[in-house]
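# Notes for the structure review
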Amino acid sequence: MVMAEMENLTSKLAGASVSEGVLSFAGHAIKMDKGSDAQEIVKAVTDCKELHVLILSGNTMGVEAAKLIGDALSNHKEFQRAKWSDMFTGRLKTEIPPALQHLGKGIMASGANLVELDLSDNAFGPIGVQGIADLLKHSCCFSLEELRLNNNGLGPNGGKMLAEVLKSTYQSSKQAGKALALKVFVSGRGRLENEGSIALSEIFKKMGSLEFVSMPQNGINPPGITALAQAFALNTRLKHINLCDNTFTSVGARAMAKALPKLQELEILNLESCLIRTGGAKAIAKALDNSYPKLKVRCWFLFSEIL
């Protein structure tokens, strides 16, 4: 039985993709309950001379396996991108924070300068933030440009926790000489609601570096939308805004309309299913009459919303 399991694992790992610093096990459906289940991944990471990107999406990892992979990562100072979406299917929520902590410890020990952290489609809720808090606060994340936490179910408390962590990182990195400057922030389907969104808007204001923001389906109402709009106005390099499936009403839409003239780099604005109503639609349409030389898609919304 054990032999059959090892043969099955070896067969899956044989197709691991390695090219130009990218090591991918995406979609291999490897179930790593024990440390021994991760040995081939550990070996691949260890043997990789220049590891810039590690893709582990579509597998499932326990605590022991995460520790061994983290240990292997500790030898890769050149590491930049952790693409770890959909990595904890079937795991208890109590397993996920320590697993994330082990992976984070490896990156911190390596002295790497992380550029991207993608933990999308891991339904870990607010406790997931506990698992990545130390990593995000560490100097290895002062260089972070892309934070993707789509479909994590953070909730209002998780959103507030994340905002506090990012605030701490911003302050520490600024003192170190180069402030945290996220370009990409993704947190859709996260139930952030107003509390989480308002908290995050404060760190967005401080950074002023965002270029791509996607926060659809978060149960955000006018107070949260207004706070985000005010933050967006200070992120003048924004190219892509996706806030679909939140509840703007005309109040939130007017707040967004006030921000839009500051965003001359804007290419895409997605406000589909946001209940912007007639007054809100008119305000946004008027704002978009200003010159937007790079705008590709002006605004998505359903006709039923502007009645």
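Residues numbered from 1 in each chain as written. Predicted model: local features only at pLDDT ≥ 70, side-chain atom pairs only at ≥ 80, totals over all residues. Heavy atoms only, no water.

## So, the side chain of N122
- Turning to its location among the elements, N122 is positioned in the loop between β7 (116-118) and α5 (127-137).
- The exposure class assigned to N122 is buried, which follows from its relative accessible area of 2%.
- At 3.3 Å, the side chain of N122 forms a polar contact with the backbone nitrogen of F88.
- Here N122 is in contact with W84, S85, D86, M87, F88, N151 and N152, once residues within four sequence places are set aside. (Helix = DSSP H or I, 4+ residues; strand = E, 2+ residues; numbered from the N terminus. Buried < 20%, exposed > 50% of the residue type's maximum accessible area, 1.4 Å probe, protein only. Polar contact = N/O pair within 3.5 Å; in protein donor to acceptor, adjacent residues only side chain to side chain. Contact = heavy atoms within 4.5 Å.)

## Focus: the packing of aromatic side chains
- What the rule picks out here adds up to two aromatic pairs.
- Between the aromatic rings of F79 and W84, the centroid separation amounts to 6.5 Å while the plane-to-plane angle is 20°, which identifies the pairing as stacked. Each member of the pair, F79 together with W84, is buried.
- Taken together, a centroid distance of 5.1 Å and an interplanar angle of 65° make the contact between F185 and F204 edge-to-face. One end of the pair, F185, is in strand β9 (residues 184-186); the other, F204, is in helix α7 (residues 193-207), with 19 residues separating them in the sequence. (Phe/Tyr/Trp six-rings, centres within 6.5 Å; stacked < 30°, edge-to-face > 60°.)

## Digging into helix α6 (residues 155-175)
- Here α6 contains 21 residues, and its C-alpha end-to-end distance of 30 Å stays within 8% of the 30 Å for a straight helix at 1.5 Å per residue.
- Residues of α6 that are buried include every one of G155, P156, G158, G159, L162, A163, V165, L166, T169, Y170 and S173, and no others.
- Each element contacted by the buried residues of α6 is listed here: α5, β8 (146-148), β9 and α7.
- Immediately beyond the C-terminal end of α6, within one or two residues, lies G177, with a positive phi of roughly 115°. (Expected span 1.5 Å × (residues − 1).)

## A few points about the pattern of salt bridges
- In the structure shown here, the tally under the stated rule is 13 salt bridges.
- E116 is the partner of R148 in a salt bridge, and the nearest nitrogen-oxygen pair spans 3.3 Å. Linking R148 in strand β8 with E116 in strand β7, this pair joins segments that are 32 residues apart in sequence.
- R148 gets classed as partly exposed once you look at its relative accessible area, which sits at 24%.
- Via salt bridges that share partners, R81, K83, E116, E146 and R148 belong to a single interconnected network. (Salt bridge = Lys/Arg side-chain N within 4 Å of Asp/Glu carboxyl O.)

## A look at empty space enclosed by the protein
- One pass over the full model with this rule turns up one cavity of 30 Å³ or more.
- The calculated volume of the largest cavity comes to roughly 40 Å³.
- Lining the largest cavity are W84, L100, L103, G104, L117, L119, I132 and L135.
- Among the secondary structure elements, those contributing two or more residues to the lining of the largest cavity are α4 (96-110) and α5.
- The element contributing the most residues to the lining of the largest cavity is α4, with three residues.
- Each residue belonging to the lining of the largest cavity can be placed in one class, and the counts come to seven nonpolar, one polar and no charged. (1 Å grid on protein atoms, 1.4 Å probe; cavity = no way out; pocket = protein on both sides within 12 Å on 5 of 7 lines; lining within 4 Å. Points joined across faces, edges and corners; volume = space filled by probe spheres on them. Nonpolar A, V, L, I, M, F, W, Y, C, P; charged D, E, K, R; others polar.)

## Focus: the nonpolar core
- Membership of the largest hydrophobic core comes to 91 residues, with the highest contact counts inside it found for W84 and F204.
- Considering each element in turn, this core owes the most residues, six residues, to α4.
- With sequence-adjacent residues up to four places away left out, W84 is seen in contact with L54, L56, S57, L73, F79, L103, I107, L117, D118, L119 and N122. (Core = buried A, V, L, I, M, F, W, Y, C linked by side-chain atoms within 4.5 Å.)

## Thoughts on the layout of surface pockets
- In this structure, the second largest pocket occupies an estimated 210 Å³ of space.
- Looking at the second largest pocket, it is lined by 15 residues, and the ones nearest its centre are F142, S143, E145, K178 and A181.
- Taken together, the residues of the lining of the second largest pocket sort by class into six nonpolar, five polar and four charged.

## Structural notes on the packing of helix α8 (residues 222-232) against helix α9 (residues 249-259)
- Contact geometry of α8 with α9 gives a least axis separation of 8 Å together with a crossing angle of 0°. On the basis of their axis angle, the class for α8 and α9 is roughly parallel. Taken together, the residues of α9 that come into contact with α8 (itself represented by P222, I225, T226, A229 and F232) are T249, V251, G252, A255, M256 and A259.
- Of the residues assigned to the contact of α8 with α9, the class counts are eight nonpolar, three polar and no charged. (Axes fitted to C-alpha atoms, helices over the stretch in contact; angles between N-to-C directions. Parallel < 35°, antiparallel > 145°, perpendicular 65-115°, else oblique.)

These values are about where atoms sit, not about what they do.
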